[in-house]
Amino acid sequence: NKGVEDIALALKKLVRLSELILNFYACSRIQDKAVEALCASLDSLENLEFLDINLYDCVQITDKSIQRISSRISGLKNLKTLNLKFSNAKGISSEGIQILANALKEHEKLSEINLTLKCPFLTEDVLQNILHPPSMKVKQDREGFLIQKV
């Protein structure tokens, strides 16, 4: 978590950044506190157009992280492309995914969304209910569910 918090501090200084890729694949020790620090640093990135956050196999992530990411996405007014990956996080529920889906639907400039989810409770039916009305397309593959804005 300390390393992620250091990254968050450094990001605050990169105010002209237009693309950001954060890959924490299989970092099993990352917790909500680290994601909160990262999200707080996003406020200074007003020019950000592309954001990719990979939290695949970060098993300690919960709805709290989903809520933080969702609230920060709405503040990124120039964001056009968003890629998020979550899997195997037992603390992510359908309520967290609903909060994220609502934030994504309301973002005006966001034209490309790729959301990969693999959580124990998720089925295609659950996702279709969350994403109603269907402004997003759900596709299932070996990595989980891929949700794309249509």
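Going along each chain's sequence as written, the residues are numbered from 1 onward. Thresholds applied to this predicted model are a pLDDT of at least 70 for local features of residues and 80 or more for the giving and counting of side-chain atom pairs; totals over whole chains, interfaces and linings are not thresholded and use all residues. Neither water nor hydrogens contribute to the side-chain values; these are computed over all heavy atoms in the structure.

A.B. asks: Even after reading the chapter, I still don't get the overall build of the chain, so can you show me in this structure?
C.D. replies: Helix numbers and strand numbers start at the N terminus; a helix is a DSSP run of H or I with at least 4 residues, a strand a run of E with at least 2. For the chain, the helix and strand inventory stands at 5 helices and 6 strands. Helices and strands appear in the chain in the N-to-C order α-β-α-β-α-β-α-β-α-β-β. The globule rule puts the C-alpha radius of gyration for 150 residues at 15 Å, and the 14 Å found for the chain is close to it. By principal-axis analysis of the C-alpha atoms, the chain measures approximately 40 × 35 × 25 Å. The cut-offs for exposure are 20% and 50% of the maximum accessible area for each residue type, with area from a 1.4 Å probe on protein chains only; residues under the lower value are buried, those over the upper are exposed, and the others partly exposed. Classification of the 150 residues of the chain by burial places 43% in the buried group. By definition, residues are in contact when any of their heavy atoms lie within 4.5 Å. Sequence separation of 24 or more characterises 79% of the internal contacts of the chain that already satisfy a separation of 6 or more. Here the radius of gyration uses the C-alpha set of atoms, whereas the globule reference equals 2.2 Å times the residue count to the power 0.38.

A.B. asks: It is not clear to me how the nonpolar core should be interpreted in this structure. Could you clarify?
C.D. replies: Here is a general trend for soluble globular proteins: nonpolar side chains tend to be buried in one another's company. Buried Ala, Val, Leu, Ile, Met, Phe, Trp, Tyr and Cys residues that are joined via side-chain atoms within 4.5 Å together make up what is termed a nonpolar core. Core analysis: the biggest nonpolar cluster contains 41 residues, and Leu51, Leu84 and Phe86 have the highest contact counts within it. The leading source of residues in this core is helix H2 (residues 32-42), at 5 residues. Aside from chain neighbours lying at most four places away, what touches leucine 51 is Leu20, Leu42, Leu76, Leu79, Thr81, Leu82 and Asn83.

A.B. asks: Is there a simple way to explain the packing of helix H1 (residues 2-11) against H2 in this structure?
C.D. replies: Two quantities define a packed helix pair, namely the angle between the helix axes and the distance between the axes. Orientation is described by axes fitted as lines to C-alpha atoms, over the contacting stretch for helices, and by angles from 0 to 180 degrees between their N-to-C directions. Between H1 and H2, the least distance of the axes is 8 Å, while the angle of their chain directions is 5°. Regarding the angle of H1 to H2, the classification is roughly parallel. Contacts from Val4, Glu5, Ile7, Ala8 and Leu11 of H1 reach H2 at Lys33, Ala34, Ala37, Leu38 and Ser41. Gly is placed with the polar residues, together with every amino acid not listed as nonpolar (Ala, Val, Leu, Ile, Met, Phe, Trp, Tyr, Cys and Pro) or charged (Asp, Glu, Lys and Arg). Of the residues in the contact of H1 with H2, the class split is 7 nonpolar, 1 polar and 2 charged. What sets the label is the angle itself: under 35 degrees gives roughly parallel, over 145 gives roughly antiparallel, 65 to 115 gives roughly perpendicular, and the rest give oblique.

A.B. asks: Any chance you could explain the packing of aromatic side chains here in plain terms?
C.D. replies: In this description, an aromatic ring pair is defined by two values, namely the gap between the centres and the angle between the planes. Two aromatic rings from Phe, Tyr or Trp, using only the six-membered ring of Trp, form a pair when their centres are within 6.5 Å; if the ring planes differ by under 30 degrees the pair is stacked, by over 60 it is edge-to-face, and anything between is tilted. Counted by the stated rule, this structure contains 1 aromatic pair. Arranged with centres 6.0 Å apart and planes meeting at 15°, the rings of tyrosine 25 and tyrosine 56 form a pair that is stacked. Taken together, the residues span a long stretch of sequence, with tyrosine 25 in the loop between strand E1 (19-23) and H2 and tyrosine 56 in the loop between strand E2 (50-55) and helix H3 (63-73) at a distance of 31 residues.

A.B. asks: I tried to follow H1 on my own but got confused; where do I start?
C.D. replies: Every buried residue of H1 is listed here: Val4, Ala8 and Leu11. The buried side chains of H1 occupy one side of the element, clustering within an arc of 60° when seen end-on. Every exposed residue of H1 that faces more than 90 degrees away from the buried side is listed here: Lys2 and Leu9. By construction, the arc corresponds to the directions joining the helix axis to the C-beta atoms.

A.B. asks: Honestly, the side chain of threonine 81 in this entry has me stumped. Any pointers?
C.D. replies: Relative to the helices and strands, threonine 81 is located in strand E3 (residues 81-87). Not counting the four nearest positions on each side in its chain, threonine 81 is found in contact with Glu49, Phe50, Leu51, Leu110 and Glu112.

A.B. asks: For this particular structure, what's the right way to read the pattern of salt bridges?
C.D. replies: Here, a salt bridge means any Lys or Arg side-chain nitrogen found within 4 Å of an Asp or Glu carboxyl oxygen. Inspection of the entire model under this criterion finds 2 salt bridges. Two residues, glutamate 36 and arginine 68, come together in a salt bridge whose shortest N-O distance is 3.5 Å. Of this pair, glutamate 36 sits in helix H2 while arginine 68 sits in helix H3; the two residues are 32 residues apart in sequence, bridging distant segments of the chain. On the accessibility criterion, glutamate 36 (34% relative accessible area) is partly exposed. In this structure, arginine 72 and aspartate 43 form a salt bridge, with 3.6 Å as the shortest nitrogen-oxygen distance. Of this pair, arginine 72 sits in helix H3 while aspartate 43 sits in the loop between H2 and E2; the two residues are 29 residues apart in sequence, bridging distant segments of the chain. Given the relative accessible area of 26%, arginine 72 is considered partly exposed.

A.B. asks: What's the story with the side chain of serine 87 in this structure? I'm lost.
C.D. replies: Within the element layout of this structure, serine 87 appears in strand E3. Under this definition, polar contacts are N or O atom pairs within 3.5 Å; protein pairs additionally need one hydrogen-donor-capable and one acceptor-capable atom, and for neighbouring residues in sequence, both atoms have to be side-chain atoms. Side-chain polar atoms of serine 87 contact the backbone nitrogen of aspartate 57, separated by 3.0 Å. Sequence-distant contacts of serine 87, defined by excluding residues within four places in its chain, comprise Leu55, Tyr56, Asp57, Cys58 and Lys118.

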